[in-house]
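# Inside the fold
One letter stands for each residue in the lines below.
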Amino acid sequence: SASLAPSMHLIRPLLLFLGLAVISIGGCASLSHSVVPLDVPMTDDTTQVAVLSDHSRHPVLLRGVDLKPVSAARIPHAFRDTIYLLSPGPHVLWVSSVPYGHPLLPQTVRCYVLSAHFERGARYVLEEDPDNARVRMLREGSALPAASGQRVDKTPVFLRDCRWQ
């Protein structure tokens, strides 16, 4: 037991350091979201609007609504969920794939147009289905698409923007 005392003396600070590191990383990595009202005023009452999220396994960028560009394309990532607020009713969405983060590799962006009817108080998630050249809008909690849109363009990232028509 006397031979264990010096080794425990060295292990305790290490365990304390590791514990603090895990707590600080966990505290910094909490999921957060930004709310972007598109054609409605900012509200906390989401029962009166439709809520659209881009946070999925196959994220996309919402680039426009009803033929108007979205002012700031927000890149989805694991630590921030972007939530868009829309008025209930029919809307046409311009959606693009998310380019990967390596600027030296040639890459393309896939561009989609999706027409959908949004219900008051409903929550939806956008996701890309690149194998079928489509984008899907799922009702939150369902695997069945509420709407889907076709690819209308594919463009090299740095050469031009999507052609939505």
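Residues numbered from 1 in each chain as written. Predicted model: local features only at pLDDT ≥ 70, side-chain atom pairs only at ≥ 80, totals over all residues. Heavy atoms only, no water.

Let us now look at the overall build of the protein. Of regular secondary structure, the protein possesses one helix and 10 strands. Every one of the 165 residues in the protein was classed for burial, and the buried ones make up 33%. A fraction of 63% describes how many contacts in the protein between residues 6 or more apart in sequence connect residues 24 or more apart. With an accessible surface of roughly 10200 Å², the protein has 61% of that area assigned to carbon and sulfur atoms. (Helix = DSSP H or I, 4+ residues; strand = E, 2+ residues; numbered from the N terminus. Buried < 20%, exposed > 50% of the residue type's maximum accessible area, 1.4 Å probe, protein only. Contact = heavy atoms within 4.5 Å. Areas by Shrake-Rupley, 256 points an atom, 1.4 Å probe, with all protein chains shown as cover.)

Here we come to the side chain of Ser-96. Note on placement: Ser-96 falls in strand β6 (residues 89-97). Using a relative accessible area of 1% as the deciding quantity, one classes Ser-96 as buried. Within the structure, the side chain of Ser-96 is placed 3.3 Å from the side chain of Arg-63, a separation counted as a polar contact. (Polar contact = N/O pair within 3.5 Å; in protein donor to acceptor, adjacent residues only side chain to side chain.)

With a phi angle near 55°, Asp-66 is a residue other than glycine that sits in the positive phi range. The exposure class assigned to Asp-66 is partly exposed, which follows from its relative accessible area of 30%. One non-glycine residue, Ala-133, lies in the positive phi region at around 55°.

Within the secondary structure, Ser-115 sits in strand β7 (residues 108-118). Excluding residues within four positions of it along the chain, Ser-115 makes contact with His-91, Val-92 and Ala-147.

What follows concerns the packing of aromatic side chains. Taken as a whole and assessed by the stated rule, the structure comprises two aromatic pairs. Arranged with centres 5.2 Å apart and planes meeting at 85°, the rings of Phe-118 and Tyr-124 form a pair that is edge-to-face. As far as burial versus exposure is concerned, Phe-118 and Tyr-124 are alike and both buried. (Phe/Tyr/Trp six-rings, centres within 6.5 Å; stacked < 30°, edge-to-face > 60°.)

A word on the confidence of the model for the protein. A residue-level look at the protein finds 72% of positions with pLDDT of 70 or above and a mean pLDDT of 78. Within the model, pLDDT remains below 50 along residues 17-30, and this stretch shows two contacts once partners closer than five positions in the same chain are excluded. (pLDDT = per-residue confidence, 0-100.)

Across soluble globular proteins, nonpolar side chains show a tendency to be buried alongside one another. Within the largest apolar cluster, 21 residues are counted, with the highest numbers of intra-cluster contacts made by Leu-52, Leu-62, Leu-93, Val-95, Phe-118, Leu-126 and Met-137. Mapped by element, the contributors of at least two residues to this core are β2 (50-53), β3 (60-65), β5 (80-86), β6, β7, β8 (123-129) and β9 (134-139). Beyond its immediate sequence surroundings of up to four residues, Val-95 is in contact with Val-60, Leu-61, Leu-62, Arg-63, Arg-110, Cys-111, Tyr-112, Leu-126, Val-135 and Trp-164. (Core = buried A, V, L, I, M, F, W, Y, C linked by side-chain atoms within 4.5 Å.)

Below, the discussion takes up the pattern of salt bridges. Within this structure, the stated rule accounts for seven salt bridges. Note that Glu-127 is salt-bridged to Arg-136, the shortest N-O span being 2.5 Å. Judged by relative accessible area, Arg-136 falls into the partly exposed class, the value being 21%. One salt-bridge network, in which partners are shared between bridges, spans Glu-127, Asp-129 and Arg-136. (Salt bridge = Lys/Arg side-chain N within 4 Å of Asp/Glu carboxyl O.)

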